[in-house]
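Structural features, examined
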Amino acid sequence: MAPKRAPETDPQTTLRAGLPDRYLTPEDLIEMFSLPSVETLYTWRKTGVGPPAIRIGKYLRYDPATVRTWVESNTDTAAA
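Described below are features of the structure shown in this document. (Residues numbered from 1 in each chain as written. Predicted model: local features only at pLDDT ≥ 70, side-chain atom pairs only at ≥ 80, totals over all residues. Heavy atoms only, no water.)

Some thoughts on the overall build of the chain
Using the following cut-off: The secondary structure listing takes helices from DSSP runs of H or I that are at least 4 residues long and strands from runs of E that are at least 2 residues long, numbered from the N terminus. Pairs of residues are marked as contacts when any of their non-hydrogen atoms sit within 4.5 Å. Per-residue and other accessible areas were derived by the Shrake-Rupley procedure at a 1.4 Å probe size, with only the shown protein chains allowed to occlude residues.
Across its full length, the chain carries 4 helices and 2 strands. The order of α-helices and β-strands along the chain, N terminus first, is α-α-α-β-β-α. In the chain, of all internal contacts separated by at least 6 residues, the share reaching a separation of at least 24 is 46%. When the accessible surface of the chain is split by element, carbon and sulfur atoms take 55% of a total near 6000 Å².

This is the structure:
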């Protein structure tokens, strides 16, 4: 009998519920923020607008804690 796997959840729900136990990929951030393409994320990184990324080998990854901090610091609390 195969072991049960946890149901897949979207990254935004995972981030709200608690920090995932892995680094986020650019594709995770595209889903979370409903970005039009990965190019938008790369432009954000290049211009210093988006959350900071780290390079692991040839891959970009995002620390969930850093992404959460970035979101909180860019949230307009007056509008809430």
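Further notes follow.
Here's the deal with the nonpolar core
Stated precisely, the cut-off is as follows: We define the nonpolar core as a collection of buried residues of types Ala, Val, Leu, Ile, Met, Phe, Trp, Tyr and Cys that are connected through side-chain atoms lying within 4.5 Å of one another. In this scheme, a residue with accessible area under 20% of its type's maximum is buried, one over 50% is exposed, and one in between is partly exposed, where area comes from a 1.4 Å probe on protein chains only.
Of all hydrophobic cores here, the largest spans 10 residues; its members are Leu24, Leu29, Ile30, Met32, Leu35, Leu41, Ala53, Leu60, Tyr62 and Val67. Examining the composition of this core, we find that 3 residues originate from one element, helix 2 (residues 26-33), more than from any other. When residues no more than four places from it in sequence are discounted, the contact partners of Ile30 are Leu35, Ser37 and Val38.

Quick notes on the pattern of salt bridges
Side chains carrying opposite charge are able to pair once their charged atoms draw close together. Which entries qualify depends on this criterion: Salt bridges are defined as contacts in which a side-chain nitrogen from Lys or Arg sits within 4 Å of a carboxyl oxygen from Asp or Glu.
The full count for this structure, using the stated rule, is 1 salt bridge. Measuring nitrogen to oxygen at the nearest pair gives 2.7 Å for the salt bridge that ties Asp28 to Arg22. The class for Arg22 is partly exposed, based on a relative accessible area of 42%.

Let's talk about the side chain of Thr25
Secondary-structure assignment places Thr25 in the loop between helix 1 (11-17) and helix 2. For Thr25, a relative accessible area of 17% gives the class buried. Residues within four places of Thr25 in sequence aside, it is in contact with Leu60, Arg61 and Tyr62.

Functional significance is not addressed by these values, which are geometric in nature.
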